[in-house]
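Residues per chain are reported as follows:
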Amino acid sequence: MKITFDTKSFLFDGQRKLVLSGDIHYFRLPKAEWKDVLAEAKQAGLNAISTYIPWNVHEPIEGKWSFDGDNDLEGFLKLAKQMDLLVIAKPGPFIRSDWSFGGFPAWLHATGVRHFRTSDATYMAAVDKYLDKMLGVLARNQVGKGGNVFLVQIEDAFDLVPQDPAYLRHLENKFKKKLSVPVYFNLADPAGGGGFVKGALLGASIEKDAGRALRRMRALAGTHRQPLMISQLITAQAEYWNDGGNKEPRSWNEVESVLNDALAAGGALVNLSPFAGGSNYGELAGRGLHGDRSFAATSWDGGAPLSELGQKTDKALGLGLWSRWARSLESSILGSEKLDEDHPVVPSEIDVIAREQGDTRVYFLHNPTRETLTGKIQVDEPLPFTLKPGERRVYAFNLVVTPNLQARASSHPYFVEHLGTRAVVVLWGNP
């Protein structure tokens, strides 16, 4: 398989594909559970999964590598390959992720490293040895070599720390020399700047406001072509011992609203972080930024779509429907153009983004007010709608369902399943 990209999407052997991914951290799950959790990701409609790779798990003692049992990274990658799931790999060397020392092994101190995440010679010498090993594993399992790793993240959220451009350039050169698949930088604060190499692919880490973040990504990319990526859509928050008790988990409606916003803005890749909850085993829970007693709890769940116990939540069930619907739209949305003309939508208080490709038009509506609004879209014939405060809805016209079937107007989500020679159209909505 050949991976390419342009400003609108990734192309897999020349075909545009909407990438819907979810974080599943193999190191937070027993190996015996990997297959079941990956199967749940597939059932939720995802076509990719994402995972960090912690240096301190795989080289706990300098020069002694661990890839057995629960640390069997290649086994995890091959299992995902068997399930036809693409992989976004995030080998760091710094991974953040509520993990001890951001994934750095403690023995780095003993080797004389004092300036982490910099171009300091002592630090970079250790990093180069680690990357030679880890990028070798990823190279063997990348797309084009018979594997499924199609995208690799460099470092993590470097825009939050003092900048060292030489460090990032060194990492990018190293990654590109070892890998033939695209690499990218993840920005934790899309509104800011820095944390990446100019001309590189960029992804945004967000909780809300996908449209604003993706517009910022486009501005930072400048004239460089790249698809728009939400590299982390936060679906759950880790719990810390001193954060004052359990936080109210994000609802599926909140997550779905951000997903719709991402599609409207031209998003071509969305990664839910996390998809599956897990556990911070032993003493590997990371410390937060809120004082010396701010350590992550052993449970790393926080309201993930798939719980720490492997149970489906409302988010997983909602995602299963939404992802199938979104991928049914991919041929109409990916490659589409945003329309800036006056839109046939009333009342005027409704925010409207319209996308067009051929005869197909898709309207993304948002009610930004605190009142329920009733209105209509006038295309061929009026299509009435009611939007609650803050609600987002999507309406489509002249939408290709199958080569022989076209929807004149769609006011409800649907998806198409191909069973043998039959195409089954599944629709759902409020009673």
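Residues numbered from 1 in each chain as written. Predicted model: local features only at pLDDT ≥ 70, side-chain atom pairs only at ≥ 80, totals over all residues. Heavy atoms only, no water.

Draft legend 1. Spotlight on the overall build of the protein. Helix and strand content of the protein: eight helices and 23 strands. With the C-alpha coordinates aligned to their principal axes, the bounding extent of the protein is approximately 70 × 50 × 45 Å. Partitioning the intrachain contacts of the protein with sequence separation of at least 6 by distance along the chain shows that 67% fall at a separation of at least 24. Carbon and sulfur atoms provide 49% of the accessible area of the protein, an area that totals close to 19600 Å². Here the protein contributes 49 positive and 50 negative side-chain charges, whose respective centroids are spaced 5 Å apart. (Helix = DSSP H or I, 4+ residues; strand = E, 2+ residues; numbered from the N terminus. Contact = heavy atoms within 4.5 Å. Areas by Shrake-Rupley, 256 points an atom, 1.4 Å probe, with all protein chains shown as cover. Lys, Arg positive; Asp, Glu negative; His and termini not counted. Charge placed at Lys NZ, Arg CZ, Asp CG, Glu CD.)

Draft legend 2. Molecular detail of helix 6 (residues 210–221). With 12 residues, helix 6 extends 16 Å from end C-alpha to end C-alpha; this agrees with the ideal 16 Å at 1.5 Å per step. On its buried side, helix 6 packs onto strand 8 (183–187), strand 9 (201–206), strand 10 (228–234), helix 7 (252–264) and strand 11 (267–273). Just downstream of helix 6, G222 is the residue with a positive phi angle, here 60 degrees. (Expected span 1.5 Å × (residues − 1).)

Draft legend 3. Broad picture of the side chain of N71. Topologically, N71 is positioned in the loop between helix 2 (55–58) and helix 3 (73–82). Each residue touching N71, except ones within four places of it in the same chain, is listed here: V57, H58 and S66.

Draft legend 4. Quick look at the sheet that holds strand 18 (residues 373–378). The antiparallel open sheet is built from three strands, whose spatial order is 15-18-19. The sheet is open, and its two borders are formed by strand 15 (345–346) and strand 19 (382–387), each paired with just one other strand. (Pairing = 2+ DSSP bridges.)

Draft legend 5. Inspection of the pairing of strand 19 at higher detail. Judged by which residues are buried, strand 19 turns out to be one-sided: L383, F385 and L387 face inward and are buried, whereas P382, P384 and T386, on the alternate face, are not. Looking at chain direction, strand 18 and strand 19 are connected through six bridges and run antiparallel. Note on strand 19: the bridge partner recorded for I377 is L383. Taking the residues that link successive antiparallel strands as the turn, the strand 18-strand 19 hairpin has three residues. (Buried < 20%, exposed > 50% of the residue type's maximum accessible area, 1.4 Å probe, protein only.)

Draft legend 6. Summary view of the sheet that holds strand 17 (residues 360–366). Across the sheet, which stays open at both edges, the five strands sit in the order 14-16-17-20-21 with antiparallel pairing between neighbours. The outermost strands of the open sheet, each flanked by one partner alone, are strand 14 (337–339) and strand 21 (405–410). Neighbouring strand axes in the sheet, compared pairwise and without regard to direction, differ in orientation by 25 degrees on average. Where strand 14 lies against strand 16 (residues 351–357), three bridges are found, and the strand directions are antiparallel. Bridge assignment links L339 to a residue of strand 16, and that residue is A354. Packed onto the sheet, helix 7 meets strand 16, strand 17 and strand 20 (392–402) and runs at close to 55 degrees relative to strand 20. Docked against the sheet, helix 8 (residues 314–333) engages strand 16, strand 17 and strand 20, running at close to 65 degrees with respect to strand 16. (Axes fitted to C-alpha atoms, helices over the stretch in contact; angles between N-to-C directions.)

Draft legend 7. A look at a nonpolar patch on the surface. Taken together, the side chains of L405, V425 and L427 define a hydrophobic patch exposed on the protein surface, amounting to about 260 Å² of accessible area. Position of V425 relative to the elements: it lies in strand 23 (residues 422–427). (Patch = residues over 30% accessible without salt bridge, like charges linked within 9 Å, V, L, I, M, F, W, Y side chains within 5 Å. Salt bridge = Lys/Arg side-chain N within 4 Å of Asp/Glu carboxyl O.)

Draft legend 8. Inspection of the nonpolar core at higher detail. Ranked by internal contacts, the top residues of the largest apolar core, which has 116 residues, are I24 and F150. It is helix 4 (residues 121–140) that provides the largest number of residues to this core, a total of 11 residues. In contact with F150, other than residues within four places in its own chain, are I3, F12, V19, A48, L86, V87, I88, V143, V181, P182 and L269. Ranked by size, the runner-up nonpolar core spans 13 residues in total, among them V345, L373, I377 and L387. (Core = buried A, V, L, I, M, F, W, Y, C linked by side-chain atoms within 4.5 Å.)

Draft legend 9. Structural detail: the packing of aromatic side chains. All told, the structure shown has 25 aromatic pairs when counted by the stated rule. Look at Y26 and F27: their rings are 5.4 Å apart centre to centre, the planes differ by 90 degrees, and that puts the pair in the edge-to-face class. Here the aromatic rings of F94 and F104 are separated by 5.7 Å at their centres, their planes lie at 45 degrees, and the arrangement is tilted. Of the two residues, F94 sits in the loop between strand 6 (86–90) and helix 4 while F104 sits in the loop between strand 6 and helix 4, which places them 10 residues apart along the sequence. (Phe/Tyr/Trp six-rings, centres within 6.5 Å; stacked < 30°, edge-to-face > 60°.)

Draft legend 10. Here's a closer look at the environment of A191. With respect to the helices and strands, the residue A191 is situated in the loop between strand 8 and strand 9. The sequence separation of A191 and G267 amounts to 76 residues, and the corresponding C-alpha distance is 17 Å.

Draft legend 11. Quick look at empty space enclosed by the protein. Counted under the stated rule, the structure contains three cavities of 30 Å³ or more. Its volume calculated, the largest cavity comes out at about 50 Å³. Considering the residues around the largest cavity, the lining is formed by W325, L329, V394, Y395, A396, S410, H412 and P413. Of all the secondary-structure elements, those providing two or more residues to the lining of the largest cavity are helix 8 and strand 20. Counting residues per element, the lining of the largest cavity draws most heavily on strand 20, at three residues. Space inside the second largest cavity adds up to approximately 40 Å³. Taken together, I24, H25, R28, L29, A276, G277, G278 and W300 make up the full set of residues lining the second largest cavity. Split into classes, the residues belonging to the lining of the second largest cavity amount to four nonpolar, three polar and one charged. (1 Å grid on protein atoms, 1.4 Å probe; cavity = no way out; pocket = protein on both sides within 12 Å on 5 of 7 lines; lining within 4 Å. Points joined across faces, edges and corners; volume = space filled by probe spheres on them. Nonpolar A, V, L, I, M, F, W, Y, C, P; charged D, E, K, R; others polar.)

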